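Each chain, written out:
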Amino acid sequence: MSHYVQAKLILDHYGINHQKAKTIEELAELIVAIQKNLLSDTDGLSREVLEEIADVQFMILQLLSYAGDFLKVCEIMDRKIERQLNRIKEE
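A brief look at the structure comes next. Keep in mind it's a predicted model, so treat the numbers as computed, not measured.

What counts, and where the lines are drawn
Residues numbered from 1 in each chain as written. Predicted model: local features only at pLDDT ≥ 70, side-chain atom pairs only at ≥ 80, totals over all residues. Heavy atoms only, no water. Axes fitted to C-alpha atoms, helices over the stretch in contact; angles between N-to-C directions. Helix = DSSP H or I, 4+ residues; strand = E, 2+ residues; numbered from the N terminus. Parallel < 35°, antiparallel > 145°, perpendicular 65-115°, else oblique. Left-handed = near helix turned anticlockwise from the far one by under 90°. Nonpolar A, V, L, I, M, F, W, Y, C, P; charged D, E, K, R; others polar. Contact = heavy atoms within 4.5 Å.

## A few points about the packing of helix H2 (residues 16–39) against helix H3 (residues 47–67)
Here's step 1: Between H2 and H3, the least distance of the axes is 9 Å, while the angle of their chain directions is 155°. Between H2 and H3, the angle falls in the class roughly antiparallel. Where H2 crosses over H3, the handedness of that crossing is left-handed.
Here's step 2: Taken together, the residues of the contact of H2 with H3 sort by class into 11 nonpolar, 4 polar and 8 charged.

## What to know about the environment of Leu85
Here's step 1: Locating Leu85 in the fold gives a position in helix H4 (residues 70–90).
Here's step 2: Taking the C-alpha atoms as reference points, Leu85 and Ile31, separated by 54 residues in sequence, lie 25 Å from one another.

## Quick look at the environment of Glu48
Here's step 1: Looking at the element boundaries, Glu48 is found in helix H3.
Here's step 2: Spatially, the C-alpha atoms of Glu48 and Asn37 are 8.5 Å apart, while their sequence positions differ by 11 residues.
Here's step 3: If we ignore the near neighbours within four places in the chain, the residues touching Glu48 are Ala33 and Lys36.

Printed below as a string of structure tokens:
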């Protein structure tokens, strides 16, 4: 079973509002993990950061499975990446 299908099953079980709140919780945990990693002054990402990234990505997958807007998100990402690359060229 694909991650998308699993994400949709979990979202359908808990409901969109519950999973929105869970997404906020996971994002907060990622912020804390990144801050700790940054303050440790080590290169790379800690195991804790990687775990939290996985949690956040899975929550985002659930939200996208509800909306079904994968292509729209990809289009927006493409525009944002292109804009940032242009800014880098101008520096």
